[in-house]
Amino acid sequence: MSDSTPSFESVLAAVRAAGDAASLRALEREQLGKEGPIAALLASIPTLPPESRKEAGQRANRMKSELAAAVAERLQQLEEAQLAAERSGAGFDATLPAARVERGSLHPLTQVTRELEDLFTSMGYTVLDGPEVELDWYNFEALNIPRDHPARDMQDTFRCDPAGNVVLRPHTSPVQVRAMERMRPPFRAIAPGKVFRQESTDASHEHTFHQMEGLVVGKDISVGHLIGAMKTLLRGVFGREIEIRLRPGYFPFVEPGFELDARCPFCKSGCRVCKQSTWIELLPCGMVHPNVLRAGNIDPAEWSGFAFGLGLSRLVMLRHGIDDVRHLLSGDVRFLEQFR
Amino acid sequence: MKISYRWLGRHVDLSGISPQRVVEDLTLSTCEVESLTPFLPHLANIVVGHVLTRAKHPDADKLSVCSVDCGEGTARQIVCGAPNVDAGQMVAVALPGVELPGDFRIKKSKIRGVESDGMICSERELGLGDEHNGIWVLPETLKPGAKLADAMDLSDWVIEIDNKSLTHRPDLWGHRGFAAEIAAMHLRPLKPLETSLPPTGNGPTVPVRIESQACTRYLALRLEGVQARRSPDWLRALLFAVDQRPIDLLVDLSNFVMLDLGQPNHVFDATRLDASGITVRNARAEERFRTLDGVERRLEPSDLLIASGDKAVALAGIMGGEDSKVEAGTQSLLLEVASFHFATVRRTAARLALRTDSSTRFEKNLDPTLPLRAAGHYVRLLAQLEPGLRLPAPLCDAGEWKDPARVIELSCERVRSLLGVELADVHIADILMRLGFGVKGSSGTLYVSVPSARATKDIGIDSDLIEEVGRIHRYGNIPEARITAPIAPPPRDEGWQRRMLVRTLQDRLAGAARFHETLSYSFVSDAILAELGATEERHVAVINPIAEGFSKIRRHVMPSLLATLAHNRRMAGEVRLFEIGKGYQPEYSSTRGEPREVHELSLVWAGPVPAKGARFDAGRFSQLQGVLEDLVRATGRQSLSWSAPDPASLPSWAHPGRALVGRAGEGDALVTLAALEPRLAARLGLKDELASDVALAELSLDVLLGAEAAGPRYRPLPVFPAVKVDVAVAAPRERSAGELAAVLTRAGKGLVRDLELFDLYEGEKLGAGRRSHAWHVTLVSDERTLGEEDIGKFFQRAEREFTQLGAELRKG
Ligand SMILES: [Zn+2]
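Sequence positions are assigned chain by chain, starting from 1 and proceeding in written order. Both sets of labels track the order of writing: A upward for chains, 1 upward for ligands. The predicted nature of this model means local features are confined to residues of pLDDT at least 70 and side-chain atom pairs, given and counted, to a pLDDT of 80 or more, with totals for whole chains, interfaces and linings taken over all residues. Excluded from the side-chain calculations are hydrogens and water; all other atoms, namely the structure's heavy atoms, are used.

A. Representation of the sheet that holds strand β15 (residues 215-224) of chain B in the model. All names here are of chain B. One open sheet accounts for 4 strands, arranged β16-β23-β15-β24; its pairing is antiparallel. Here the strands that pair on one side only, and so sit at the sheet edges, are β16 (266-269) and β24 (396-398). Sheet twist, expressed as the average angle between the axes of neighbouring strands with direction ignored, equals 20°. By the convention used here, strands pair only if DSSP detects at least 2 bridges between them. Think of it this way: any DSSP run of H or I at least four residues long counts as a helix, any run of E at least two long counts as a strand, and we number them from the N terminus. By the bridge criterion, 3 bridges tie β15 to β24 in an arrangement that is antiparallel. Each residue of the ladder has a partner; that of alanine 220, found in β24, is cysteine 396. Note on method: axes are straight lines fitted to C-alpha atoms, helices fitted across the in-contact stretch only, with angles between N-to-C directions ranging 0 to 180 degrees.

Structural data, given as structure tokens:
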């Protein structure tokens, strides 16, 4: 061993001070490799006097294991330091934007309609569809609204011929008698769809909007059942118990007829949505008028039922805070893409 | 309609029942209340003043300087411009700080150099009339400093009712009807109202001839010794509260009776009528009549007229005539109170766009017993205010009318079962009696007599009575109940299948395909139809459209999407839209008149034109074609097979040279796919910076629903490895990709598992009129591992056939 060879202690110190795994591995190769000083030491043993050989061999092996242990220890220290540095989150920017996932969207009316369809089908309701271009018979006559009835003025109906034989339905209620023609009681049905009113439009009025009719016919169906069904509906829509109230409302095809108000889900003591009243007028409903049951060939002495008409467009606006109903059917992608 | 709280108090004791409580009661038991507002709230701040002295303004001829005692100890100096102000008067004073209607705040100020510490008000300034020729001179009995609203009984609340919610309640078109509701709810009696006709003289009655069935009752009564003078303040205030402008005593009382009892009536100046009396008849064709609003109306034979001699004097139940109206000098009246047929009045009022307080009430089908009470009410009120009133002759009561009062049998058990609440028989009977129904019977069955006021149309069957019980009991007192019934899954009928298909299509499109779903109006504009050249097509159309050019209902969904395309391209650049909806085709109407309804999915994909050198399938046409194949696969139908359509059969939006028709198995065309018709593109605004690559497709849900289901079939996994080779072929341009691919399939002799075209190329290297096609070809055998030799044979067979087609394999 020449003087230029670093002392064993300084090698150990260098191992313990190694800054990273790569330089440590290099040092390990240099010292413990075939060309390294310990290998040279071992190789030189046969040239030593026999009495020194044992001791020299032991010394070399001790150095070898001591050095290997130091390397292993340092390596572990370095790994832990690196893990600690990684775990510290250094260099992580929590405000970087997420990678975008592009996808299309379903119309918010589709989304709410699906939810309601799923809710009601789970309770044994059938989902029905009715034509937008409807016969006067289903729209008026069968609904206990004969010609000359003032209620014909209540809905500003689009007529397709001067005689008014064909109209654009102003409500989804014509599906009621169509349902009775298809199904025998007892039955439960809903019918979502488009309706039309001949009125000028503004942020809260549209000539075309969406509604959902509900109809239940059975033995001894009562106002109590209607209340129960409406509370279930609101639980489904708002995800929690919502207080309701029924008050008299006049619609010729129900008797008694009601307006159903829901306690405003957005405030405790009045807000813009409920016009400071804490109640939101949500849907007209009532017990099916005996004349309507008769029009559907159902004996009102044997069966009774309730019906309701939920404004889907209104519900969508309430749910998403949409301030202008005209956006719904505008076809504007900037509106649609918000409901991904 | 507006209801005055003070007015209600004339009919029922409201002590302890606040206006807010009245509103709540009406809301929960009767009708829809739109608002509750204090009547002229600023009146609470106006005080009574006593004009002590009046002197001329030193600098202005028309102004007076007054000293006014407002009950404050010292008098105030107020400058007043009214000609009628004078010392000794009691006047209405607005003190500084008070705000009057029209954002007018009174301030202490100098008028032409003289200090004025308040304002003496006219009725108009207070919101109580049109009178502005002078200040309002109050009764001398008032005390200076008193609040005007208290001193003159002016404080009131106005309840606005939603008229629509009264459509079925002819009894609620006057204050007494509402008072009866409140009385029933609070178990209080209605105050008695004497309406019998006072004794009359024995002169000849007014002759009345009724020539039309639309008039079932006509009362006519002469009143002499009257004057069209100003009504008393209490009457004016009540009329003001409900938005009825006071005119003169004779007309005001006529309006008062209508608003009190709900019975319209009319007063004519008797001297301006013909001596022959009154005839109720239909209008003659082309007959004209000037109503008292000064408008000349062109009438039709379905209109009902009141005539006197050969002249019409009133449009029955709607409006009187100008020539016979009460005027300043009127001293002799003919009072008309009648029953007119509701539909006749409604039709005429609607046609003439002349809805009046009177016609609105007649339309509701009024109680035919009411006219007699209304006539007595008018006469008695007038007698109190007009000491000189004389009735020279008995009332004429003409017409044939039936009392609609009836008896309805009501099962108490049915009341309980329909309402879903336990109510004792006596409780049911009690509610009905409080509402004025007569009730007899026992052991669960009630015989309910319906008074005429409720019987004209509201109460006809037992359900109507059940509503009466329910609303007074209050619906909030009915417990929530659950329906118990067996539940079965809904039938898997056509409607169900269509809904499931629609959901699948929506989900696929809104997912990986990145389309936005839109919903459109069913109306299709004449403008877009003109762009499409589809003006001549038959459409369902409405006769009362919302606007000119928006009367037609779409036959297909596509025009709705095209209408928004340019706007969306401008806003969003890349547009992927779909709509699932209905179209209506009147040429296929049912015998009942229902037009055929088609269900369609329409898709639009538009964006910038792809760059030169982009991959051959980078265009929207290819991309949309892929989306459609994926959609149809997702619905579990056979894979789409495409063919070139007859251009004549294509819809007008389709590019005649770039269109395909797709079928899923046998049967009708399911999909039409096309690029946008190039001339239409420009007309829709897709030019210049909006020049677009547009693909469109229309898929018939009706055809899809009928297409045979063919879900994926399992194929055993390959035992031997697949070999993938690339094949490039240069061929004359007329050789289609399909033709060349078929060569490869044949050359594989059943080994070709997949063929994927990945490049199309034209260029100088190939020579003119030639195009290079390149495929990834996957070959698999079910029997062995394919070797070099198999691949070589595949290429040899392919090359042989390609050569026959004038094509050659490209090596490299
Ligand atoms: Zn609120």
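We are not done yet, so read on.
B. Representation of the sheet that holds strand β5 (residues 187-196) of chain A within the structure. All names here are of chain A. Strands sit in the order β1-β5-β6-β10-β9-β8-β7 across an open sheet of 7 strands; the sheet is mixed. Of all strands in the sheet, those bounded by a partner on one side alone are β1 (126-127) and β7 (244-248). One ladder, built from 8 bridges, connects strand β8 (residues 254-263) with strand β9 (residues 279-288); its direction is antiparallel. By the bridge assignment, leucine 260 is partnered in β9 with leucine 283. Note on definitions: a residue-residue contact is assigned when non-hydrogen atoms from the two residues lie within 4.5 Å. Contacts from helix α5 (residues 108-121) reach β1, β5, β6 (208-218) and β10 (304-311) within the one sheet, and its direction differs from that of β5 by about 165°.

C. Region of interest: the coordination of the zinc ion. Residues and elements named next belong to chain A. Protein ligation of the zinc ion involves Cys264 (SG), Cys267 (SG), Cys271 (SG) and Cys274 (SG), the donor distances falling in the range 2.2 to 2.3 Å. We call an atom a donor if it is N, O or S and sits within 2.8 Å of the metal, or 3.2 Å for Na, K and Ca. Water is not counted, so some sites may look partial. Geometry is assigned from the angles between donors: four donors with all angles from 85 to 135 degrees make a tetrahedral site, four or six donors whose opposite pairs exceed 155 degrees while the rest stay between 65 and 115 make square planar or octahedral sites respectively, and everything else is labelled irregular. Geometry at the zinc ion is tetrahedral, judged from its 4 donor atoms and the angles of 105 to 113° they form at the metal. In primary-sequence terms, the residues that donate to the zinc ion follow C-x2-C-x3-C-x2-C.

D. Up close: the packing of helix α1 (residues 8-17) of chain A against helix α4 (residues 50-87) of chain A. Residues and elements named next belong to chain A. Between α1 and α4, the least distance of the axes is 8 Å, while the angle of their chain directions is 15°. Between α1 and α4, the crossing angle belongs to the class labelled roughly parallel. Handedness of the α1/α4 crossing: right-handed. Residues Phe8, Val11, Leu12, Val15, Arg16 and Ala17 of α1 touch α4, and the partners they reach there are Met63, Glu66, Leu67, Ala70, Val71 and Arg74. Just so you know the grouping, Ala, Val, Leu, Ile, Met, Phe, Trp, Tyr, Cys and Pro go in nonpolar, Asp, Glu, Lys and Arg go in charged, and all remaining residues, Gly too, go in polar. Class assignment for the residues of the contact of α1 with α4 results in 9 nonpolar, no polar and 3 charged. In what follows, roughly perpendicular refers to angles from 65 to 115 degrees, roughly parallel to angles under 35, roughly antiparallel to angles over 145, and oblique to any angle outside these ranges. Handedness of a crossing is defined here by the sense of rotation of the near helix relative to the far one, left-handed for an anticlockwise turn of less than a right angle and right-handed for a clockwise turn.

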